[in-house]
Amino acid sequence: MAAVTIQNLQKVYGDFVAVEDMNLEVRDGEFLILLGPSGCGKTTTLRMLAGFIEQNTGKLEIGGRDITADPPYRRNIGLVFQNYALFPHLDIFENVAFGLRRRKLPEDDIKTRVSEALELVRLGHLEDRYPKQLSGGQQQRVAIARALAIRPDILLLDEPLSNLDAKLRLQVRDELRALQQALKITTIMVTHDQDEAMYVGDRLVVMQAGKIQQIGTPMELYNHPANRFVASFIGRTNFLAGAISAGDKAFVTNSGLTIETEQAECNHSELMVRPEMIELSATKTADANCFEAEITRSVFLGGNLEILATLATGDAFTVVTTIKSLTGAGLPAEVGSRLYVSFNRQSAVLM
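Remember, it's a predicted structure, so these values are computed and weren't measured experimentally. (Residues numbered from 1 in each chain as written. Predicted model: local features only at pLDDT ≥ 70, side-chain atom pairs only at ≥ 80, totals over all residues. Heavy atoms only, no water.)

Q: Which residues make up the overall build of the protein, and what are the values?
A: Within the protein one finds 9 helices and 20 strands. In terms of its C-alpha atoms, the protein occupies a principal-axis envelope of roughly 75 × 45 × 35 Å. Expressed as a percentage of its 351 residues, the buried residues of the protein come to 50%. Long-range pairs, those at least 24 residues apart, make up 65% of the contacts in the protein between residues at least 6 apart in sequence. Each charge class in the protein was averaged separately, 36 positive and 43 negative side chains, and the resulting centres sit 5 Å apart. (Helix = DSSP H or I, 4+ residues; strand = E, 2+ residues; numbered from the N terminus. Buried < 20%, exposed > 50% of the residue type's maximum accessible area, 1.4 Å probe, protein only. Contact = heavy atoms within 4.5 Å. Lys, Arg positive; Asp, Glu negative; His and termini not counted. Charge placed at Lys NZ, Arg CZ, Asp CG, Glu CD.)

Q: Explain the packing of aromatic side chains to me, and be specific about the residues and the numbers.
A: Evaluated as defined, the whole model comprises 5 aromatic pairs. Relative to Phe81, the ring of Phe52 has its centre 6.4 Å away and its plane inclined at 10°; by these criteria the two rings are stacked. Placement of Phe52 in the loop between α1 (42-50) and β4 (57-62) and of Phe81 in the loop between β6 (77-80) and α2 (92-102) is noted, with a sequence separation of 29 residues between them. Through a chain of ring-to-ring contacts, three or more aromatic side chains come together here, namely Phe291, Phe317 and Phe343. (Phe/Tyr/Trp six-rings, centres within 6.5 Å; stacked < 30°, edge-to-face > 60°.)

Q: I'd like a rundown of unusual backbone geometry, residues and numbers included.
A: Where the residue is not glycine, phi is negative for most of them; where a peptide bond is considered, it is trans in most cases. The phi dihedral of Arg122 is positive, around 60°, even though this residue is not glycine. Turning to its location among the elements, Arg122 is positioned in the loop between α3 (107-120) and α4 (136-149). Here Glu159, not a glycine, exhibits a phi torsion of approximately 45°, which is positive. Along the chain, the position of Glu159 falls in the loop between β7 (154-158) and α5 (166-183). Residue classification places Glu159 among the buried positions, given a relative accessible area of 11%.

Q: I'd love a proper account of α5, names of residues and values included.
A: For α5, which comprises 18 residues, the first-to-last C-alpha distance of 26 Å matches the rise-based estimate of 26 Å (1.5 Å per residue) to within 8%. Among all positions in α5, only Leu168, Arg169, Val172, Arg173, Glu175, Leu176, Arg177, Leu179 and Gln180 are buried. Buried positions along α5 lie against β3 (31-35), α3, α4, β7, β8 (186-191) and α6 (194-200). For α5, the N-terminal cap is Asp165; the gap from its side-chain oxygen to the backbone nitrogen of Lys167 is 3.3 Å. Of the residues one or two after α5, Lys184 is the one with positive phi, at around 55°. (Expected span 1.5 Å × (residues − 1). Polar contact = N/O pair within 3.5 Å; in protein donor to acceptor, adjacent residues only side chain to side chain.)

Q: Can you break down the layout of surface pockets residue by residue, with the values?
A: Roughly 610 Å³ of volume is contained in the largest pocket. Listed by contribution, the elements that provide at least two residues to the lining of the largest pocket are β6, α2 and α4. Of the residues assigned to the lining of the largest pocket, the class counts are 13 nonpolar, 3 polar and 3 charged. (1 Å grid on protein atoms, 1.4 Å probe; cavity = no way out; pocket = protein on both sides within 12 Å on 5 of 7 lines; lining within 4 Å. Points joined across faces, edges and corners; volume = space filled by probe spheres on them. Nonpolar A, V, L, I, M, F, W, Y, C, P; charged D, E, K, R; others polar.)

Q: Can you explain the UniProt feature "domain: ABC transporter" (unreviewed entry) in the protein? Please cite residues and give values.
A: The sites that UniProt annotates as "domain: ABC transporter" (unreviewed entry) are residues 4-234. Helix and strand shares over residues 4-234 are 37% and 26% respectively, and the end C-alpha atoms of the span are 25 Å apart. (UniProt positions renumbered as here; feature names shortened; annotations may be inferred.)

Q: Explain the nonpolar core residue by residue, including any values.
A: Nonpolar side chains tend toward joint burial in soluble globular proteins. Of all hydrophobic cores here, the largest spans 48 residues; its most connected members are Ile33, Leu35, Val96, Val114 and Ile234. At 7 residues, the largest contribution of residues to this core is made by α4. What Ile33 contacts, discounting residues up to four positions off in sequence, is Met189, Thr191, Ala197, Val200, Gly201, Arg203, Leu204 and Val205. The next biggest cluster of nonpolar side chains, apart from the first, holds 27 residues, and it includes Leu24, Ile53, Leu60 and Leu79. (Core = buried A, V, L, I, M, F, W, Y, C linked by side-chain atoms within 4.5 Å.)

Q: Describe the environment of Ala241, listing the residues and the values that go with them.
A: With respect to the secondary-structure elements, Ala241 resides in strand β11 (residues 238-244). For the pair formed by Ala241 and Arg122, sequence separation is 119 residues and the distance between their alpha carbons is 52 Å. Not counting the four nearest positions on each side in its chain, Ala241 is found in contact with Phe251, Thr253, Asn254 and Ser269.

Q: Just give me the short version of α3, but keep the residues and values in it.
A: In this model α3 runs 20 Å from its N-terminal to its C-terminal C-alpha over 14 residues, within 8% of the 20 Å that 1.5 Å per residue would give. Of the positions making up α3, those classed as buried are Ile110, Arg113, Val114, Ala117 and Leu118. Take α3 and look down its axis: the buried residues cluster within an arc of 130°, on one side only. Across α3 from its buried face, at more than 90 degrees, point the exposed residues Asp108 and Glu119. Packed against the buried residues of α3 are α2 and α4. In the stretch just after α3, Arg122 is the one whose phi turns positive, near 60°. (Arc of directions from axis to C-beta.)

Q: Describe the pattern of salt bridges, naming the residues involved and giving the relevant values.
A: Per the stated rule, a full pass over the model turns up 20 salt bridges. With a closest N to O distance of 2.5 Å, Arg203 and Glu30 form a salt bridge. Of this pair, Arg203 sits in strand β9 (residues 203-208) while Glu30 sits in the loop between β2 (16-26) and β3, and the two are 173 residues apart along the sequence. Take Arg203: its relative accessible area is 11%, and that puts it in the buried class. (Salt bridge = Lys/Arg side-chain N within 4 Å of Asp/Glu carboxyl O.)

Next up, the structure:
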């Protein structure tokens, strides 16, 4: 286990800045997520840390050891690729043993480490098979076992679940999180999937255009986004454009809707309300913000419903609610029905 320090890291391709002046501390034993859209620099960052891409400037440390100029094989990093990268002509035992043989370990040590790594991912009984004989989820677990067999200081995961189908993705995601918690190995994972990031990550690093936008726990980023990009990338949200006057706590949208807030800053031109923070009712409530609306869209999502409630002003709120709470209150869910949407002042956040 080891902490990771990234100082003033930068990578430039011609006129394109892939990663710009990144500074980041990854704690010992932490599961950190690099999250952002395609092209934001997250995979470039991971590959610079692994030593596959040379940075233009910056310093990299693992466990206090400067690895900036070290080749990949001297960094003692376990790396799991998006496409598994297993050798089809080698059986599972030899795939996991590959890195150990390159290190010229004694045969007894290789057998012990391969056995331990395969048992960690519950594939000890399949060591004689070949990759083509395994499912996608099993192949990814073999790739994880291969990365762990060398007993790395840190584990790097480059979108490890993106090639799996939806159900298998959830299963491997659970296993990956449980394994990391059991081993307490410092892990950095790249993903563009916010649900995946929030589920497995201790902290998230949200990136855009090569820059870090915000670092924090999933809850911190969800409840207190630093800017509009983070708010839109972490979870669903409603944005309303307008203005708030100095010293006033009433935000007025461009269409004339007045929304009470807890903030009084005057330099904000947008407000956000999370769909989960909005309540539905048949009559007007005592909430600070309660508005009559018409259901203009209703989408069934299993145990939940996603409703688009449009006000007379033209402002619209996406609301996510459980079917149980909706039917329990005797509320309609059909398009064209009328009801009230309400939320408290704390849920109306100025951006």
